[in-house]
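Residue-level listing of the chains:
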Amino acid sequence: MDRIRDRDGFKGTSLAAPLACLGREAFCVAMTESLIRVENLHYIYSGASPVEALGGIDLTIRAGEYVAIVGANGSGKSTLARHLNALLLPTRGDVWIACANTRDEKRRRDIRATVQMVFQHPDSQLVAAVVEEDVAFGPENFGVPENELPPRVRAALDQVGMWACRQRTPHLLSAGQKQRVAIAGAMAVQPRVLVLDEATAMLDPAGRAVVLDVLRALHHQGTTIITITHEMEEAVEAERVIVLSEGRVAMDDTPRRVFTRADELCALDLDVPPVAALARRLGLPVCLTTEELCAALTARGPRVGAPSRINKVRVSEPQESIIRVEQLTHSYLRGLPLETRALDRVDFNVPSGAAMGLIGSTGSGKSTLMQHLNGLLRPQSGRVVVGQYDLTNPATDVRAVRRMVGLVFQQPEDQLFEQYVGDDVAFGPRQFGFAKEEVRERVRWAMESVGLGFDAFKNRLTNTLSGGERRRAALAGVFAVRPQVLVADEPTAGLDPRTRAEVLGILQRLHAEGTTPVITSHRMDDIAALCCRITALDGGRVVAAGTRREIFSQPDLLQAHGLDIPPVARIAQELRAQGWPIPSGVLFADELVAALGAE
Amino acid sequence: MEDFELLRHVTIGQYFPTGSPLHRLDPRVKIIGVVALVGTLVTLQSASGVLIGLVITFALIALARVDVQFALGGLAPALQILVFLAVLQLVFGWSARVTNCHSLWSFWLLNVTTCSIQAVVVLLARFAALFLLTGLLTFTSTLSELARGIEWLLRPFQRVGVPADELAMVFTIALRFVPTLALEMEKLLKAQAARGANIQSGSNPVARTRQLLQVLVPLFINTLRRSDDLTAALEARGYTGGAGRTYYIRLHFQRADVVALLVVAALILGLFALPFGMFDQSVLNMLATK
Amino acid sequence: MKLTVRQIVVAGLLGAIAILLGATRLGFIGPFPPLLPVSATIMHVPAAMGETDR
């Protein structure tokens, strides 16, 4: 690492000093290629119990690099990101952006003009009520001359493909669109560096793919991209992957070399991309794309083996439906100028005991359908029958329906309102009028089933829990009522890989114990693991319904409706196209490995 | 039946780009116009005057090509209270002027006088007009335009320490987040209903307060967390207050604006100058003598 | 009267909640006294929480 600075080198007259400063910096910029330099960065979050988030980071990032920063929760990724645009200042050590020290208040504006950031939550970074005005917000703050503002806004919105939506209001946009607007807002400042702090965490696969395309294009144009992510498939896009662990750099190398060290990553609570995981299981050298996998397989040996049959577990024909939805139609804001039709003559059956998956791109009507299943929404036309209750009848006891059908919304941890965990979990049972001892028993059962020990957690303050614990506490709150059907909207959204696996396990256990789960998710691998029957929606209509193998054997149909198939199935499909004898309907890594005759 | 669609009731803060002549006016003119009309309606004492004001307001809304029914819909929550107040005023006769009041109907303590009728009409018409006028501002101008307008109008006061741009920013953030928070509140209500809570309106005050707090607590917590994120986002995007900022929304004064100001001035003059007071008196006298 | 960015944001968001409570039925506590659209106790909560500002 070059050490061009020579702090003590320039002494002299009062005139020489400022000139020397200028010269020194220009010299620095000219001599080093490092746009961002982090030296011995330490950061401690002050408070009742101080936490050392960063324990000595040394890093150099050159102009034009595409860097991915990964790490488990608490490894310091976000903290590091916020040092790059002077949102946080080091407790010890230095951060230099284009040779300006972040501690220097006079240079702060320049630093922020050089490094722009896009955050995780779409709603909390859009400031204006109209898209184009929000994109202009950044340049306005930096005093860009007024006649230059419209061309910049136009260029930025074009880069993300949102110019057509320039007059829309933020709250009517999808999460993916909001994030694209946020990126446009950052690019309108014309920064040299774009930092994305888990900017795709809240997006569905389609939204994420569009954002990745945008990043690729920006990188091509010379912007330095630094992306912080949980998704290893995104890290593969980068030229360089930095792995953080407990506030220090654990690995800093190309994606290929990093993902070769799968055991170390596992020890750090991290994944490898699905293709790489598969390659590893097959004993192949590390592969980052399916093409490489094919090539490596071919290199290894001829296409051998008779196509084996998948052991299809005979799904017994459903005896009875616990929920029946017939020709359901629903419109929001009926009679008002902004009316939208969310469901159009939907038929939906949930067989008792079968785990049901509901898939669809954003706006397909999944959430609306779910809210009909426990009477939050009443059928405007059509029928909804839950157990013996007909929800079309206004006199139906809606609360009885809600005892039978529990509903968990997205981000359920945002709904915790009691001070103590135990009280919050007890809310449901209490509302339904159970006796005190009964309530206590249910709360105990619910908390144990989500892995929050009853005695350990019942008196914890809700706001002292970690993100994963909060999610589980919210789940417990719905489980405590012991509903027969559990409807969960994106139960694993926004979670890191480890917590995601835990929640999946919880849902599987619940299913085994007799509850009927109805799950929506954007993650097809979760749906494949959990649900044996799937219904797909698009634009408020049912476009496909059947067993999971049936549905996921139709990738073209799904793609036409903005959906995808699980990663393993995708890999299997591509291998099949290359001539490998893989039976259709392969969904899981085990099956694929067996079909390739590797073991 | 429960109604969770809060967005239906939030008519303030929604912008409708219908492209009407009102939309094209300079926001400063619109703000001044609305403020002047509001001031007029508040000081006018005569019922017929305020009614004319209400008619003018309806005309303006029609001119803006906004659906009048939708605009009035926002009044619905307040309706109960209004009607209650109106009945009180009508029957107990609390009115400003006590002169020339003929009693029309009397029973024990209840007393309906001509003055109280006048007062009730003024109350209802004024409230409706005020509500619609402020709505008109947001229907026809984007928040940034309004923020710009407010900021420009407050600028002369900066010398006395009023932070014009900062206040405009507060205003922008508030109105921008009303629909977002409405959706969030809706989600909270639904989640609690799903867990067995009874969200019917009209139950006793104690229960309603508790219900409200159950929703408000998470809303506040999430709002404070959101404020952390929003503050970081604002700072990251370079916002440090009003100094040194340029503006995307440009304000130009055009002929239409001058015309609009003149029209408003004429209306106000008319409202004050015309003898509405006498007109009222004669109508009420007619009622009294019948 | 210099406002920090954080104060601006908090004021704006709390203002939004106040407007929301007033515009929807929820801000009205009971039919009597029907004076303010938002009852005094409710408005104290945002003020109090806003002040426990870091």
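None of these values were measured; they are calculated from a predicted model. (Residues numbered from 1 in each chain as written. Chains lettered and ligands numbered in written order. Predicted model: local features only at pLDDT ≥ 70, side-chain atom pairs only at ≥ 80, totals over all residues.)

The next thing to look at is the overall build of chain A. Across its full length, chain A holds 24 helices and 20 strands. Against the compact-globule benchmark of 25 Å for 599 residues, chain A has a radius of gyration of 27 Å, which places it among compact chains. Across its three principal axes, chain A shows a C-alpha extent of roughly 90 × 60 × 55 Å. Counting across all 599 residues of chain A, residues that qualify as buried make up 46%. Within chain A, contacts between residues at least 6 apart in sequence are counted, and of these 65% link residues at least 24 apart. (Helix = DSSP H or I, 4+ residues; strand = E, 2+ residues; numbered from the N terminus. Rg over C-alpha atoms; globule rule 2.2 N^0.38 Å. Buried ≥ 20, exposed ≤ 12 C-beta atoms within 10 Å, placed from the backbone. Contact = placed C-beta atoms within 7 Å.)

On to the overall build of chain C. Check the secondary structure of chain C and you find 2 helices and 0 strands. Counting only residues that meet the buried cut, chain C has 37% of its 54 residues in that class.

Moving on to the sheet that holds strand β19 (residues 533-538) of chain A. Residues and elements named next belong to chain A. Pairing in this open sheet of 6 strands is mixed, and the strands run β16-β17-β18-β13-β19-β20 from one edge to the other. Two strands bound the open sheet, and with one partner strand each, they are β16 (405-408) and β20 (541-547). Geometrically, the sheet is characterised by an average inter-axis angle of 15 degrees between neighbouring strands, direction not taken into account. (Pairing = 2+ DSSP bridges. Axes fitted to C-alpha atoms, helices over the stretch in contact; angles between N-to-C directions.)

Time to look at the pairing of strand β8 (residues 224-228) of chain A. Residue and element names in this part refer to chain A. Across the 5 residues of β8, 5 count as buried, placing the element largely inside the fold. The two faces of β8 match: Thr224, Ile226 and Ile228 on one face and Ile225 and Thr227 on the other face are all buried. As judged from the 4 bridges shared by strand β3 (residues 66-71) and β8, these two strands associate in the parallel manner. For Val67, the partnering residue across the bridge sits in β8 and is Ile226. Pairing of strand β7 (residues 193-197) with β8 involves 5 bridges; the strand directions are parallel. By the bridge assignment, Leu196 is partnered in β8 with Thr227. Crossover β7 to β8 through helix α7 (residues 205-220) is right-handed. (Right-handed = clockwise from strand over helix to strand, strands pointing away.)

Bringing the interface of chain B and chain A into the picture now. It is common to report an interface's size as the accessible area lost on association of the parts. Between chain B and chain A, the residue contacts involve 50 residues of the former and 57 residues of the latter. Taken together, the elements giving at least two residues each to the side of chain B that touches chain A come down to α7 (143-154), α8 (164-194) and α9 (205-236) of chain B. Tallying contributions element by element places α8(B) first for the side of chain B that touches chain A, with 13 residues. The residue inventory of the side of chain B that touches chain A, partitioned by class, reads 27 nonpolar, 10 polar and 13 charged. (Nonpolar A, V, L, I, M, F, W, Y, C, P; charged D, E, K, R; others polar.)

The subject of this paragraph is the sheet that holds β7(A). Residues and elements named next belong to chain A. Spatial ordering of the open sheet is given by β6-β7-β8-β3-β9-β10, a layout of 6 strands whose pairing is mixed. Each end of this open sheet is capped by a strand with a single partner; those strands are β6 (115-118) and β10 (248-253). The mean inter-strand angle of the sheet, taken between neighbouring strand axes irrespective of direction, is 20 degrees. Looking at chain direction, β3 and strand β9 (residues 240-245) are connected through 5 bridges and run parallel. Looking across to β9, one finds that Val70 is bridged to Val243.

Attention now goes to α7(A). Between the first and last C-alpha of α7(A) there are 22 Å, a value that for 16 residues agrees with the 22 Å anticipated at 1.5 Å per step. Directly after α7(A), the chain includes Gly222(A), whose backbone phi takes a positive value near 110 degrees. (Expected span 1.5 Å × (residues − 1).)

Right, let's get into the domain arrangement of chain A. Residue and element names in this part refer to chain A. Parsing chain A into structural domains produces domain 1 (64-76 + 115-269), domain 2 (273-302 + 568-599) and domain 3 (321-565). For domain 2 and domain 3, the distance between their C-alpha centres works out to 34 Å. Between domain 2 and domain 3, the contact holds 6 residues from the first and 7 residues from the second. Of the residues in the side of domain 2 that touches domain 3, the class split is 2 nonpolar, 3 polar and 1 charged. (Domains from an automatic or database assignment.)

The next thing to look at is the nonpolar core. Among the nonpolar cores identified, the biggest contains 217 residues, and Ala184(A) and Ala476(A) are the most heavily contacted of them. The leading source of residues in this core is α8(B), at 17 residues. Those residues in contact with Ala476(A), other than ones at most four positions away along the chain, are Val425(A), Ala446(A), Met447(A), Val450(A) and Leu452(A). Within the second largest apolar cluster, 33 residues are counted, among which are Leu37(B), Val66(B), Ala119(B) and Ala125(B). (Core = buried A, V, L, I, M, F, W, Y, C linked by C-beta atoms within 7 Å.)

We now examine the environment of Asp213(A). Residues and elements named next belong to chain A. Along the chain, Asp213 turns up in helix α7. On the neighbour-count criterion, Asp213 (12 C-beta atoms within 10 Å) is exposed. For the pair Asp213 and Val160, spaced 53 residues apart in sequence, the C-alpha to C-alpha distance is 9.0 Å.

A word on the packing of helix α4 (residues 131-141) of chain A against helix α6 (residues 175-187) of chain A. All names here are of chain A. Two elements in contact, α4 and α6, have axes separated by 7 Å at closest approach and are oriented at 35 degrees. Seen along the crossing, α4 lies across α6 with a hand that is right-handed. Note on element contacts: α6 touches α4 through Val181, Ala184, Gly185 and Ala186, opposite Val131, Asp134, Val135, Phe137 and Gly138. The residue makeup of the contact of α4 with α6, split by class, is 6 nonpolar, 2 polar and 1 charged. (Left-handed = near helix turned anticlockwise from the far one by under 90°.)

On to the packing of α6(A) against α7(A), then. Residues and elements named next belong to chain A. Where α6 meets α7, the closest approach of the two axes is 8 Å, and the angle between their N-to-C directions is 20 degrees. Classified by the interaxial angle, the pair formed by α6 and α7 is roughly parallel. As α6 packs across α7, the resulting crossing turns out to be right-handed. Every residue of α7 that contacts α6 at Ala175, Gly176, Gln179, Arg180, Ile183 and Met187 is listed here: Ala206, Gly207, Val210, Val211, Val214 and Leu218. Its residues placed into classes, the contact of α6 with α7 shows 8 nonpolar, 3 polar and 1 charged. (Parallel < 35°, antiparallel > 145°, perpendicular 65-115°, else oblique.)

The next point concerns the confidence of the model for chain C. All names here are of chain C. Mean pLDDT over chain C stands at 61; residues scoring 70 or higher make up 39%. Low confidence marks residues 29-54, where pLDDT is under 50. Its contacts with residues over four positions away, or in another chain, come to 33 contacts. For this predicted complex, the interface confidence score (ipTM) comes to 0.83, while the overall pTM stands at 0.82. (pLDDT = per-residue confidence, 0-100.)

Bringing α7(B) into the picture now. Every α-helix winds through 3.6 residues per turn, so residues three or four apart in the chain are directed the same way. Residue and element names in this part refer to chain B. Compared with an ideal rise of 1.5 Å per residue, which puts 12 residues at 16 Å, α7 spans 16 Å between its outermost C-alpha atoms and is within 8% of the ideal. For α7, a buried count of 9 out of 12 residues is recorded, marking the element as mostly surrounded by other parts of the structure. Listed in full, the buried residues belonging to α7 are Leu143, Ser144, Glu145, Leu146, Ala147, Arg148, Gly149, Ile150 and Glu151.

This part covers the pairing of β19(A). All names here are of chain A. Judged by how many residues are buried, β19 sits mostly within the fold: 5 of 6 residues are covered. Across 6 bridges, the pairing between β19 and β20 is antiparallel. Note that in β20 the partner of Asp538 across the bridge is Arg541. With antiparallel pairing between neighbouring strands as the criterion, β19 and β20 make up a hairpin whose turn holds 2 residues, including Gly539 at a positive phi of roughly 60 degrees.

Attention shifts here to the confidence of the model for chain A. Residues and elements named next belong to chain A. For chain A, the mean per-residue pLDDT works out to 86, and 91% of the residues sit at or above 70. Ranking the elements of chain A by mean pLDDT puts helix α1 (residues 16-31) last with 58 and β6 first with 96. Low pLDDT (under 50) marks residues 1-17, which in the prediction has 13 contacts with non-local residues, meaning those over four places away or in another chain.

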